[in-house]
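Here is how the chains run, residue by residue.
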Amino acid sequence: MTVRTRFAPSPTGYLHVGGARTALFSWLHARKHGGVFVLRVEDTDRERSTAESVNAILEGMTWLGLEYDEGPFYQTERFDRYRAVIQQLLDEDKAYHCYCSKERLNSLRVEQLKNKQKPRYDGHCRDRRDSPSGSVAPVVRFKNPPDGNVVVNDLIKGRVVFSNTELDDLIIARSDGSPTYNFTVVVDDMDMEITDVIRGDDHLNNTPRQINILNALGAATPAYAHVPMILGADGQRLSKRHGAVSTMQFREEGFLAEALLNYLVRLGWSHGDQEVFSIDEMIKLFDINNVQRSAASFDREKLLWLSQHYIKTSDRAHIAHHLSRHLGQLNVDPTTGPALVDVVDALRERAKTLVEMAQTSAVYYRGFKGYDEKDASKFLKPEILGALTDLQERLALVSDWTAEAIHQVIQETADAHGLKLGKIAQPLRVAVVGRAVSPPIDVTLTLVGQERTLEALDKAQIYIRQREVGPT
RNA sequence: GUCCCCAUCGUCUAGUCGGCCUAGGACACAGCCCUUUCAAGGCUGCAACAGGGGUUCGAAUCCCCUUGGGGACGCCA
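Here is what the cut-offs are and how they apply
Residues numbered from 1 in each chain as written. Chains lettered and ligands numbered in written order. Predicted model: local features only at pLDDT ≥ 70, side-chain atom pairs only at ≥ 80, totals over all residues. Heavy atoms only, no water. Helix = DSSP H or I, 4+ residues; strand = E, 2+ residues; numbered from the N terminus. Rg over C-alpha atoms; globule rule 2.2 N^0.38 Å. Buried < 20%, exposed > 50% of the residue type's maximum accessible area, 1.4 Å probe, protein only. Contact = heavy atoms within 4.5 Å. Lys, Arg positive; Asp, Glu negative; His and termini not counted. Charge placed at Lys NZ, Arg CZ, Asp CG, Glu CD. Phe/Tyr/Trp six-rings, centres within 6.5 Å; stacked < 30°, edge-to-face > 60°. Lys NZ or Arg CZ within 6 Å of the ring centre and 35° of its normal. Near = heavy atom within 4 Å. Polar contact = N/O pair within 3.5 Å; in protein donor to acceptor, adjacent residues only side chain to side chain. pLDDT = per-residue confidence, 0-100. Core = buried A, V, L, I, M, F, W, Y, C linked by side-chain atoms within 4.5 Å. Pairing = 2+ DSSP bridges. Right-handed = clockwise from strand over helix to strand, strands pointing away. Axes fitted to C-alpha atoms, helices over the stretch in contact; angles between N-to-C directions. Parallel < 35°, antiparallel > 145°, perpendicular 65-115°, else oblique.

Scanning chain A from N- to C-terminus turns up 20 helices and 12 strands. Over its C-alpha atoms chain A spans a radius of gyration of 32 Å, topping by over 25% the 23 Å that the globule rule assigns to 472 residues. By principal-axis analysis of the C-alpha atoms, chain A measures approximately 105 × 50 × 40 Å. A buried classification covers 50% of the 472 residues belonging to chain A. Taking the intrachain contacts of chain A between residues at least 6 apart in sequence as the baseline, contacts between residues at least 24 apart amount to 76%. Taking the average place of the 58 positive charges on the side chains of chain A and the average place of its 64 negative ones, the gap between the two points comes to 6 Å.

So, in structure tokens, the structure goes:
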């Protein structure tokens, strides 16, 4: 039997990291077993579902590369099917119309809470035969078995036993006839022949109800795997209104999708001491049975570390491609300076995100406005003027502008003036990029280019002379 | 309140049939080394089995209780 998993988000917001991880696990599980990954949009709540949310979720999945094999299926397009199954249940006396008013339900609930009981429907209409012609439009409730146990053999949590006496007759169709969540999931998982249901563990409590409905329908029960929640850095559950950021937000912040994926897969799952996983390795090594049973906290620092790792090790053209997007957001035109791949090579070891890389590489395309004050006053000093002038003359003579050639010239100049390399490299750095931090000075000069380097040196000398005569 | 789940360094985790654990790795943090800046890299350090009972020759690993987190209890999904 081929493995079939599904990711079933409800389009009431963007795709956040918790959902993304659940999707990743489902996808991985399907891929590992050569199975099928289905995407299903659970939009039966028409009040809150929006097309924008659907797009946001699809966009997030695409960015992460979690491609689905079937779907997306929309539950709102399957209402006929749900109606038919509800009718079938009604015909077989496995469901019934309930005419209880919301007021009655509410007072029942209040009463139960007062008696320290779990609030649940008391089965008032379960055996009624009449259909009152009153004003209350009926809902349809499922006849849950009154006793016995339901056992869930969860792939992650292990064996979990629920007593039917804890369950009540849940509503499967609202008074307007529309089906509810616990019912549509069951019908869909059955129709779509889902073999492995992988979802957040907030659904563990729904599972016995769903199994009961599945049984009533004579359908086989799939395997279940309930993955723990992701908590925020404060230990609180991550939710849309509490710290959960959109998956796409990570792209905006300059993370590579592979870094996020790697971070997510290690959140709750591990393979010995291994920290870095390529997509292929994840597929090969991932095992749903090895997923942690407890919740995990989201740690941005570690994500940042992985981000840096991928920036450091990924193909230069790949990074350049994604970097250009962030450069664009800074209104930097990458065609006005050094080749992007060279900038990537120079900066990849000193950027944790692409946004950071874009910011520090901007200077190679549009120059800089003014010197960093502290750095200028520390390095652009009169005593270095002679060496700088000499250096400029020597650099002007360089015919092949390579890091090696540049390095040799700088070293020679330093030697000629009895200076250590750093003594001349720092002033040069400030002259050329405006501050005392940049990649190795020879590499930096290749990025800046010979012409602009010489110009920068002119300005630096002018600056130093002015400073010399100016008031201190 | 009732039911369900969970519990190893600050964080992610290793620890699979109890002994190889004076509990390992990674992130973060601190120090040192390297060094033309910043990084990167190397080395070292800091730091945990929630508590209490059992079972056993022996428990982080099994059982129970307590405590602490989380979840569910909707005509939301």
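Before going further, it helps to spend a moment on unusual backbone geometry. Here the bond from Gly71 into Pro72 is cis, since omega is 0 degrees, no more than 30 degrees from zero. Along the chain, Pro72 turns up in strand E3 (residues 70-74). Despite not being glycine, Glu193 shows a phi value in the positive range, around 50 degrees. Here Glu193 is to be found in the loop between helix H5 (181-191) and strand E9 (196-200). Backbone geometry at Asn331 places phi at a positive 60 degrees, although glycine is not the residue there. Relative to the helices and strands, Asn331 resides in the loop between helix H11 (316-329) and helix H12 (340-347).

This part covers the packing of aromatic side chains. Summed over the entire model, instances satisfying the criterion amount to nine aromatic pairs. Through a chain of ring-to-ring contacts, the aromatic side chains of Phe25, Trp269, Phe277 and Phe286 assemble into a single cluster. Over the aromatic face of Tyr121 sits the side chain of Arg141, whose NZ or CZ is 3.5 Å from the ring centroid.

Mapping Gly177 onto the fold places it in the loop between strand E8 (171-173) and H5. As for Gly177 and Tyr82, which are separated by 95 residues in sequence, their C-alpha atoms are 9.8 Å apart.

Contacts to RNA strand B come from 62 residues, most closely from Arg174, Gly268, Glu349, Arg350 and Ser438. Taking the atoms of RNA strand B that fall within 4 Å of the protein, sugar and phosphate contribute 70% of them. The contact in question runs from a base nitrogen of RNA strand B to an N or O atom on the side chain of Asp273, over 2.9 Å. Mapped by element, the contributors of at least two residues to the surface near RNA strand B are helix H4 (102-114), strand E7 (158-163), H5, strand E12 (296-297), helix H10 (300-313), helix H18 (421-433) and helix H19 (441-448).

Here the focus is the confidence of the model for chain A. Parts of the model with low pLDDT should not have their predicted coordinates read in detail. Within chain A, residue pLDDT values average 92, and 97% of them lie at 70 or more. Model confidence for the complex is summarised by a pTM of 0.93, with the ipTM given as 0.94.

Below, the discussion takes up the nonpolar core. Counting residues in hydrophobic clusters, the biggest one holds 104 residues, and the most contacted among them are Leu24, Phe25, Met61, Val265, Phe298 and Leu395. Per-element accounting of this core gives the leading share, eight residues, to helix H1 (residues 17-32). Contact partners of Leu24, with chain neighbours within four places excluded, come to Leu66, Leu261, Leu264 and Val265. Listed in part, the 32 residues of the second largest apolar core include Ile86, Val140, Val152 and Tyr224.

Here Arg129 is to be found in the loop between H4 and strand E5 (139-142). The class of Arg129 is exposed, set by a relative accessible area of 68%. When the C-alpha positions of Arg129 and Leu267 are compared, they lie 53 Å apart, and in sequence the two are 138 residues distant.

The next point concerns the pairing of strand E1 (residues 4-7). Regular strands place side chains that alternate from one sheet face to the opposite one. By the alternation rule, side chains of E1 split into Arg4 and Arg6 and Thr5 and Phe7, which are all buried. For E1 and strand E2 (residues 36-41), the ladder comprises four bridges, and the chain directions are parallel. From the neighbouring strand, Arg4 faces E2, where its bridge partner is Val36. With H1 bridging E1 and the parallel E2, this β-α-β connection has right-handed handedness.

This next bit is on the pairing of E3. Bridging between E2 and E3 involves three bridges; their strand directions are parallel. Residue pairing in the sheet places Val41 in a bridge with Tyr74 of E3. For the handedness criterion, the β-α-β arrangement of E2, helix H2 (residues 51-64) and E3 is classed as right-handed.

Glancing now at the packing of H12 against helix H13 (residues 354-361). Two quantities define a packed helix pair, namely the angle between the helix axes and the distance between the axes. Their axes nearest at 11 Å, the elements H12 and H13 cross at an angle of 110 degrees. Taken together, the axis directions place H12 and H13 in an arrangement best described as roughly perpendicular. Side by side, H12 and H13 meet where Val343, Val344 and Leu347 of the first sit next to Met357, Thr360 and Ser361 of the second.

Examined against the element boundaries, Asp168 turns out to sit in the loop between E7 and E8. Here the alpha-carbon distance between Asp168 and Arg141, two residues 27 residues apart in the chain, equals 9.4 Å. Apart from residues lying up to four places away in sequence, Asp168 is in contact with Arg120, Tyr121, Asn144 and Arg209. Polar side-chain contacts of Asp168 include one of 3.1 Å to the side chain of Arg209.

Let us look at the side chain of Gln308. With respect to the helices and strands, the residue Gln308 is situated in helix H10. Owing to a relative accessible area of 16%, Gln308 belongs among the buried residues under this scheme. Not counting the four nearest positions on each side in its chain, Gln308 is found in contact with Glu349, Ala351 and Lys352.

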